[in-house]
Amino acid sequence: MKKIFTLALAFMMSTMAYSQVDVVYHVDVADYVASGNMIAANGIRIGGNFATQGATNGSTAMADWTPTDSASAMIDLGSDVWQITVTSLLHQLVLHNYTSLLMATGVLMKELIH
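The structure displayed is predicted, hence computed values, not measured ones.

Trainee: What's the story with the overall build of the protein in this structure? I'm lost.
Mentor: Secondary structure assignment for the protein yields two helices and eight strands. Sequence-ordered secondary structure for the protein, helices as α and strands as β, is α-β-α-β-β-β-β-β-β-β. A total of 114 residues make up the protein; the buried ones form 31% of that total. A separation threshold of at least 6 residues defines the contact pool for the protein, and within that pool the share at least 24 residues apart is 62%. With the model as given, the accessible surface of the protein reaches about 7200 Å², and the carbon-plus-sulfur share is 63%.

Trainee: Help me understand unusual backbone geometry in this model?
Mentor: Residues other than glycine predominantly adopt negative phi, and peptide bonds predominantly adopt the trans conformation. Positive phi, close to 50 degrees, is recorded for Trp65, a residue that is not glycine. The residue Trp65 is located in the loop between β4 (60-61) and β5 (75-78) in this model. In the Ramachandran plot, Asp80 falls in the positive-phi region, its phi being about 65 degrees despite a non-glycine side chain. Looking at Asp80, the relative accessible area reads 29%, which means it is partly exposed.

What counts, and where the lines are drawn
- Residues numbered from 1 in each chain as written.
- Predicted model: local features only at pLDDT ≥ 70, side-chain atom pairs only at ≥ 80, totals over all residues.
- Heavy atoms only, no water.
- Helix = DSSP H or I, 4+ residues; strand = E, 2+ residues; numbered from the N terminus.
- Buried < 20%, exposed > 50% of the residue type's maximum accessible area, 1.4 Å probe, protein only.
- Contact = heavy atoms within 4.5 Å.
- Areas by Shrake-Rupley, 256 points an atom, 1.4 Å probe, with all protein chains shown as cover.

In structure tokens, the structure reads:
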């Protein structure tokens, strides 16, 4: 009985270690736009270490630090709010920033997916 319990526990832990989760990133650029800045025609993009983490946008693999990649495009929800859903492995440190081709710089963010 102990062997079966140990085997079941090991299986559950290995499954949890490689579990994936959908992470929804939102960014509100209302203040950015209100201060006279423009959003590029291709909208807001996200860049980060997504490929290193095995992340996807739908069924499309994401590239590392390439916000010009089509998988990095965010959806305009209106009212200057943009969103993207990324599927990533649990317990990963994801570095990312939001950008538009017209922005001079982005802000680097760090989030632990758990």
